[in-house]
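Take a look at the letters that make up each chain.
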Amino acid sequence: MSTLRIARTVYDALRAHGEETYPHECCGALLGRNTGDGWRIEASARAGNTRTDSAHNRYQIAPAELVKIEREARNRGLSIAGFYHSHPDHPAQWSPTDFAEAHWLGCSYVITAVERGRAAATNSFLLAGTTEEDKRFEPQGIEVSERAESPAAP
Amino acid sequence: MNIFIPTPLRAYAEGRDIVQVSATTVSGALDELTRSFPDLRKHLFTGEGKLRAFVNVYLNDEDVRYLPEKESTAVAASDTLSIIPSIAGGSAAPRKRGKASPGKSGLSTKERH
């Protein structure tokens, strides 16, 4: 099983985001560096949930916001390594909707269950495979680093 | 012009995050990109040659699908093209009784930076 390495500050921030938006789903991007043996997440970027029609059980990030997030990440020497969202009063497991809408192969999808407003389990799933036809979610371990974020590349 | 390659597609572009092309239109730029890196084609286009539904292409900050001339839009050397796969999902859990309605507003201000 692969492992997602994530800075403590980022891990705490994405869980706090889920509590803030409860009972709606939160969402955002995970920014990091590929170290050769997997991603090291050094920052996150909060995003707006455009699914205001069903925000308790759906999320979507506007592509225009993703373009800006990607641009800002690149300026910091980082890449979009994955995404996070919350499941209000629902387990931290991927849903058929999560799978159908997952297209970032090789990236991590982190899900936090938020139970009655408090962050509970946080799990990560790697979108493995090489095409839309053979993609699959594989559970990932999460290694939370207490070390401070490393400085962005010049 | 520069084309920004998203993380999942870099493996099919020799690991590059930026590819430079010389083109006069959006479609010309994408054609040059997929000529240079043929493995990208099946990830970007359907068998009929249409952009896959989940693939967004932005010319600078504009969604190409909503430009008047779409992929025939003229481009300059200083423009950038971003390829951004869509991101969405959700628990799909049914609403529990007694929950407040999510309403139709109030999310973006609080959630955005």
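Above this note sits the structure.
Heads up: these notes are all about the structure in this document. What you see is a predicted model; the values in this text were computed from it and never measured.

**Examining the overall build of chain B**
Argument step 1. When helices and strands are tallied, chain B shows three helices and six strands.
Argument step 2. The order of α-helices and β-strands along chain B, N terminus first, is β-β-α-α-β-β-β-β-α.
Argument step 3. Within chain B, buried positions represent 46% of all 113 residues.
Argument step 4. Taking as baseline every contact in chain B between residues at least 6 positions apart, the subset at least 24 positions apart corresponds to 49%.
Argument step 5. Summing over all exposed atoms, chain B offers an accessible surface of approximately 6200 Å²; the carbon and sulfur share of this is 49%.

**Description of the layout of surface pockets**
All names here are of chain A.
Argument step 1. Empty space within the largest pocket amounts to approximately 340 Å³.
Argument step 2. Lining the largest pocket are 22 residues, with Asn 34, Trp 39, Leu 105, Gly 106 and Cys 107 sitting closest to its centre.
Argument step 3. Looking at the lining of the largest pocket residue by residue, the class counts come to eight nonpolar, 12 polar and two charged.

**Observations concerning the pairing of strand E6 (residues 108-115) of chain A**
Residues and elements named next belong to chain A.
Argument step 1. The buried count for E6 comes to seven of eight residues, which makes it a mostly enclosed element.
Argument step 2. In terms of strand pairing, strand E5 (residues 79-88) meets E6 through seven bridges, oriented parallel. Bridge pairing in E6 places Tyr 84 opposite Val 110.
Argument step 3. Summarising the sheet, E6 and strand E7 (residues 118-128) pair through seven bridges and their orientation is antiparallel. Residue pairing across strands places Tyr 109 opposite Phe 125, the latter belonging to E7.

**Brief notes about the sheet that holds E7 of chain A**
Across a sheet, paired strands are connected by hydrogen bonds in the backbone, their directions being either parallel or antiparallel.
Residues and elements named next belong to chain A.
Argument step 1. Spatial ordering of the closed barrel is given by E1-E3-E2-E5-E6-E7-E8, a layout of seven strands whose pairing is mixed. Across the sheet, the mean angle from the axis of one strand to that of its neighbour is 35°, orientation sign disregarded.
Argument step 2. Pairing of strand E2 (residues 27-34) with E5, which is carried by six bridges, proceeds in the antiparallel orientation. In the sheet register, Gly 28 faces E5, and the bridge partner there is Tyr 84.
Argument step 3. Helix-sheet contacts for helix H1 (residues 8-21) involve strand E1 (3-7), E2, strand E3 (39-47), E5, E6, E7 and strand E8 (136-145), and the interaxial angle to E3 is about 30°.
Argument step 4. Contacting E2, E3 and E5, helix H2 (residues 63-75) crosses the sheet at an angle of about 140° to E3.

Definitions and limits used
Residues numbered from 1 in each chain as written. Chains lettered and ligands numbered in written order. Predicted model: local features only at pLDDT ≥ 70, side-chain atom pairs only at ≥ 80, totals over all residues. Heavy atoms only, no water. Helix = DSSP H or I, 4+ residues; strand = E, 2+ residues; numbered from the N terminus. Buried < 20%, exposed > 50% of the residue type's maximum accessible area, 1.4 Å probe, protein only. Contact = heavy atoms within 4.5 Å. Areas by Shrake-Rupley, 256 points an atom, 1.4 Å probe, with all protein chains shown as cover. 1 Å grid on protein atoms, 1.4 Å probe; cavity = no way out; pocket = protein on both sides within 12 Å on 5 of 7 lines; lining within 4 Å. Points joined across faces, edges and corners; volume = space filled by probe spheres on them. Nonpolar A, V, L, I, M, F, W, Y, C, P; charged D, E, K, R; others polar. Pairing = 2+ DSSP bridges. Axes fitted to C-alpha atoms, helices over the stretch in contact; angles between N-to-C directions.

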